[in-house]
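Observations on the three-dimensional arrangement
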Amino acid sequence: AKSSTIPSHSESAFYDALIPVLFPGNVQEILDLGRLGFELSRYCGLWVGLKIATNVADEVSCVTVGPDRVAVVDPGFVYQGAPWKAKQNPLLVPPFSLEQERDLYYGRLEAAKAFARANGLNRITVPSPGARFGIVAAGKTYYDVYEALLALGLDESGLARHGIRLLKLGMIFPLEPAIVREFAQGLEEILVVEEKRPFVETFVRDALYDLPDRPRVVGKRDETGAVLVPAHGELDADTVAGVIARRLGSRVALPELRERVALLERLRARPAPTITAP
């Protein structure tokens, strides 16, 4: 909702057009995921979109560049008994269009998932063996989550010690299910933190639905139906810190946790300063 735009998010429109969506969280990731996005498009034969939040679009940053910075791995995806190779056919009439529809769902989108898996577009950044609680976030929101955890006194060693696992998504559609299932092993609960509608949350829940032993998945609402992660406005680290603290509850015995949360809530509740014209 900046400049001339209304409150919205682009990934639902990309999903409707079956366009893979990459979500960079900073300028460095725009370059890295941009390069991978071109390679992904060439490999799977689909347009690829980048979701760039305002904070990232307006960011000034130092970056690392070089011809060898991004190494692209061939996923080795097999379709109909042969190595996958995207082909374009401009004949958009039956029977060619019907074959292209099948190719889209079982070839191109599956090839995109295989590319994401082979090239680490989605990564478990804090594996925490034996973890019982996990947090999933993508792009700019992942860094809000990380900042929120630091504000709560939980660095990476603290996350591992208290059994908290993190999954960082670089490609939010199509969501590659194997990384979600690997992440979910042994967890009791997964918190999905994202702006606007429950986009990633829906695909995370879908990836885990058929498992006999699956964790609870919460996001926009908790298990009682109460609002958890706001669907309106813009998320920031302070808001995310309050959400995480409520879900951790008695899981993390940090003496300063409640004090930090109370301080964050007091800061957010302060009235804006009044500015009077001279």
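See the structure printed just above.
Residues numbered from 1 in each chain as written. Predicted model: local features only at pLDDT ≥ 70, side-chain atom pairs only at ≥ 80, totals over all residues. Heavy atoms only, no water.

Another point: the overall build of the protein chain. Summing up its helical and strand segments, the protein chain has 10 helices and 10 strands in all. The globule rule puts the C-alpha radius of gyration for 278 residues at 19 Å, and the 21 Å found for the protein chain is close to it. Across its three principal directions, the C-alpha atoms of the protein chain cover 65 × 60 × 40 Å. With 278 residues in all, the protein chain has 46% of them scored as buried. Counted over contacts in the protein chain with a minimum sequence separation of 6, partners at least 24 positions apart contribute 79%. (Helix = DSSP H or I, 4+ residues; strand = E, 2+ residues; numbered from the N terminus. Rg over C-alpha atoms; globule rule 2.2 N^0.38 Å. Buried < 20%, exposed > 50% of the residue type's maximum accessible area, 1.4 Å probe, protein only. Contact = heavy atoms within 4.5 Å.)

Turning next to helix H2 (residues 27-44). The end-to-end C-alpha separation of H2 is 25 Å, in line with the 26 Å expected for 18 residues at 1.5 Å each. Listed as buried for H2 are Val27, Gln28, Glu29, Asp32, Leu33, Gly34, Leu36, Gly37, Glu39, Leu40, Tyr43 and Cys44. Buried residues along H2 sit against strand S1 (21-22), helix H3 (54-57), helix H4 (96-118), helix H5 (139-151), strand S7 (164-169) and strand S8 (171-173). Looking at where H2 begins, the residue whose side-chain oxygen comes 3.2 Å from the main-chain nitrogen of Gln28 is Asn26. Positive phi appears at Gly45, one or two residues downstream of H2, with a value of about 85°. (Expected span 1.5 Å × (residues − 1). Polar contact = N/O pair within 3.5 Å; in protein donor to acceptor, adjacent residues only side chain to side chain.)

Okay, the sheet that holds strand S2 (residues 49-50) next. Ordered in space as S2-S1-S8, the three strands form an open sheet in which the pairing is mixed. Among the strands making up the open sheet, the edge pair consists of S2 and S8. Summarising the sheet, S1 and S2 pair through two bridges and their orientation is parallel. Residue pairing across strands places Val21 opposite Gly49, the latter belonging to S2. (Pairing = 2+ DSSP bridges.)

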